[in-house]
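Examination of the molecular architecture
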Amino acid sequence: MNRSTALRWLRRSAAATLLLFSLAFLFDRLFPLPLPDANGGSTVVLARDGSPLRAFPDRDGVWRYPVRIDEVSPLYVEALLTYEDRWFRRHPGVNPFAIARAFGQWILHRRLVSGGSTLTMQVARILDGTPHSAAGKLRQILRALQLEAHLSKDQILALYLERAPFGGTIEGVEAASWAYLGKPASTLSRAEAALLAVLPQAPSRLRPDRNPDAARKARDKVLSRMAELGAWTQADVHDAMIESVAARSLQPPLSAALLAERLRTERPQQRRIGTTIDAGLQRALEARVSDYLVRLPERTSAAVLVVDNATLEARAYVGSAAFGDAQRLGHVDMVRAWRSPGSTLKPFLYGLALDDGLIDSESLLVDAPQSFGGYRPGNFDLAFNGPVGAAQALRLSLNVPAVDLLDRIGPVRFAARLAHAGLTLRLPRGAEPNLSLILGGGGARMEDLVGAYAALNRSGIAGRVRYASGDPMIERRLLSDGAAWIVRDILEANPRPGYAPGTFDPGSRPRVAWKTGTSYGFRDAWAMGATRTHTVGVWIGRPDGTPLPGQYGAVTALPLMFQIVDSLPRSTVSATPQPPPASVTEAEVCWPLGLAFDAAHADLCHQKRKAWVLDGVIPPTPPERDATSWNAGLVHLRVDAASGARLSAACAKPQERELDVARWPSRAYPWLSRETRRRASLPPLAAGCADDGLDASQPLRIEGLADDAAIARAPNSDKPASVRLRALGVDGEVMWLVNGRLEATTRGAQPFEHAFADKGAQTVTALTPAGSYAQLNLRVLR
């Protein structure tokens, strides 16, 4: 070849190459790669261990879990590349030797003996949907070359791992591994890897859930090839062939469904969402809730939230009783629904009162009928208990003492303190926080309540519950360390229903600080429980707000809460008492004054109690709020040494002595024993002394029956024994209590009638708002 011929050949080659590249460039521009949208497709929400909780199909209804190469078992990648395309890392997208071999075998046998498609060509077919024809094969080859020009080998392999067909609407090895085997693709055995490597060749014919024999033969073929090519040892292949082919029925995961939906809505661009949920605990609690609701009225739903106290991460999230149950409104997420919290806010009120120095754990409070500016709270059982300690008032969830404390602290301040700690209360439009807040007169969300209750085991620091990996830790102080410890100790001392103190040894059961709540009209039943390691919230009711008569926190939600607590992982620290912080000490306090016991003035201590006090402060008994009923707790008197009668300021006797009398709040007197009343009574005013104003309360007596009388129903009558009484000596309102239970309200001398359904001793009390009272004891014979 002379020089001119060589130059001419080079020019023609260069022109041909340029033309070829131009055509390729033009083809690439006219027919761009149909690469999937990175922000589109299906989404999978994962538990903390990587297992799927719920998968959302793409717009075509395909289930596909995003997965990276390093998240797939190396055994699967090895089986796939060895069996499907050994030269994947070396060829440019097309293997001409494989194509020539396949064409020759087709000529010789008049049928397809082995395929010539590379893994890249298979990806091209998956993305482009090329038909099974000569033209389709050419198009597939061109697309494969195009893929190799634009993507790396790992990117092409990742497309295959995510989009290879595995039967039905299942695509990708991760979705197939969970669907057929119930495990992540990262933990596949050799037998499982071989099965999933061959399944895309004929996904309908080889589906292990429908054709296990065919699937086994295909799997064993792959295993034999791996041994022949020396990829796996003969011993490993032999062991793999022993494994049976067992597949589950294809059911997409549907656990923590409402949380998954919530996170997907909040993160629309994220296709793989990791959560803090414990998959095993989640499934167990969903089953437990479903079984528990069988005994409850129809259309009842429930919600459960379990949070790790150390991290504030949610471990279980049951948003409704049955997702998708139209009758129960299973699509409504009750974990974040606004509902009346009932009495569940009371622990925080008592904690704030401790921090303010208003009370210690045994401060004297009075549970008696009274009005707070026209607001008249009553207890759940309509009965009143008289004088009670703060701890007992909280454990019994008494309403009047709680409203009294809130009135002293201020509802606006209380609501603001809760909101600062993350527990926002929703009020009607234009309404201001009022005294009904503490009895459920506002709206709250379960997730906020749980975040606040976690403060009892987090040194008083509440926080926002975290659901997804990477959620920030948001914390705010709700109570001091000492106040949180005292409140928790009070609630932990409340025995479990059915177990009286000292009659049952719970062994390693965790100590639980628990509180129940019931909203007005039996619309919401709550149970909140806090252990050292976890905080649990349970709500039961109807999402549409219709009542569930007879269903309330203590009987409806509390048993489920304890079942859940007992099913949580246990630790020795959960069952052992925790010593108090340095700010909490134990002291002996005395009723009625509430001060520390002083042996030098033992006569002023009518009842002695051991109390937890905060920062060494022992607050006195809170003063009575109404000026008309107010009594000084400690009255200092001058008395006649001879008669014991008290002396007014201008009155003098030859021999006098001083006397201190400890008085009880006026509303507590109907519940005091006769001896305690005697000790708290003032001596009579000495004859001839001017009125000192200490006997200012109106005298009150009951007319209609003598004290200690006995009554019975009329002979041969089915009507119960009844009385007709009147209160004399007062013109205003009179409240009538029978055995501590408010039965009626009259004015002046209006009659009070009552029928006694039970036999035995009965106590009738007439009580005025000013604290004056009269009491009548009687016996019902029949």
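In what follows, the accompanying structure is described. (Residues numbered from 1 in each chain as written. Predicted model: local features only at pLDDT ≥ 70, side-chain atom pairs only at ≥ 80, totals over all residues. Heavy atoms only, no water.)

**Regarding the pattern of salt bridges**
We apply this condition: Any carboxyl oxygen of Asp or Glu that lies within 4 Å of a side-chain nitrogen of Lys or Arg is treated as forming a salt bridge with it. Note on conventions: DSSP H or I runs of at least 4 residues are helices, E runs of at least 2 residues are strands, and numbering of each starts at the N terminus. To sort residues, take the accessible area from a 1.4 Å probe on protein chains only and compare it with the maximum for the residue type: under 20% means buried, over 50% means exposed, and anything in between is partly exposed.
One pass over the structure, following the stated rule, counts 42 salt bridges. Arg271 is the partner of Glu162 in a salt bridge, and the nearest nitrogen-oxygen pair spans 2.9 Å. Taken together, the residues span a long stretch of sequence, with Glu162 in helix α6 (residues 153-163) and Arg271 in the loop between α11 (257-266) and β5 (272-274) at a distance of 109 residues. You can call Glu162 buried: its relative accessible area is 13%. Classification of Arg271 as buried rests on a relative accessible area of 13%. Within the structure, one salt-bridge network assembled from shared partners comprises Arg262, Glu266, Arg267, Arg445, Glu447, Asp448 and Asp471.

**Topic: the pairing of strand β13 (residues 524-530)**
The condition that has to hold: Pairing between strands is defined by DSSP: at least two bridges between them are needed.
Within β13, seven of the seven residues are buried, leaving the element largely enclosed by the surrounding structure. Residues of β13 alternate between two faces, with Asp524, Trp526, Met528 and Ala530 on one and Ala525, Ala527 and Gly529 on the opposite face, all of them buried. Inspection of the sheet shows strand β12 (residues 513-518) paired to β13 by six bridges, in the antiparallel sense. Looking across to β13, one finds that Ala513 is bridged to Ala530. Counting the residues that bridge the hairpin from β12 to β13 gives five residues, and of these Gly521 lies at a positive phi of roughly 80°.

**What to know about the sheet that holds strand β14 (residues 534-541)**
Defined as follows: With axes taken as lines fitted to C-alpha atoms, and helix axes fitted only over the stretch in contact, angles between N-to-C directions fall between 0 and 180 degrees.
Across the sheet, five strands lie side by side as β7-β6-β14-β13-β12; this open sheet has antiparallel pairing. Of all the strands in the sheet, just β7 (314-318) and β12 have a single pairing partner and so form its edges. Averaged over neighbouring strand pairs, the angle between their axes works out to 10° when direction is ignored. Where strand β6 (residues 301-308) meets β14, eight bridges bridge the pair, whose relative direction is antiparallel. If you follow Ala303 over to β14, its bridge partner there is Trp539.

**A closer look at the layout of surface pockets**
Formally: Here a cavity is any set of points on a 1 Å grid over the protein atoms alone where a 1.4 Å probe fits but cannot get out, and a pocket is any open set with protein on both sides within 12 Å along at least 5 of 7 lines; a residue lines the site when it has an atom within 4 Å of a point. Grid points are joined across faces, edges and corners, and a volume is the space filled by probe spheres set on the points. Think of it as three bins: nonpolar holds Ala, Val, Leu, Ile, Met, Phe, Trp, Tyr, Cys and Pro, charged holds Asp, Glu, Lys and Arg, and polar takes everything else, Gly as well.
Approximately 960 Å³ is the volume attributed to the second largest pocket. Taken together, 39 residues form the lining of the second largest pocket, with Ser343, Asn379, Phe380, Ser397 and Asn399 sitting closest to its centre. Looking at the lining of the second largest pocket, the elements with two or more residues in it are α14 (390-395), β12 and α19 (553-567). It is β12 that provides the largest number of residues to the lining of the second largest pocket, a total of five residues. Along the lines of polarity and charge, the residues of the lining of the second largest pocket split into 17 nonpolar, 18 polar and four charged.

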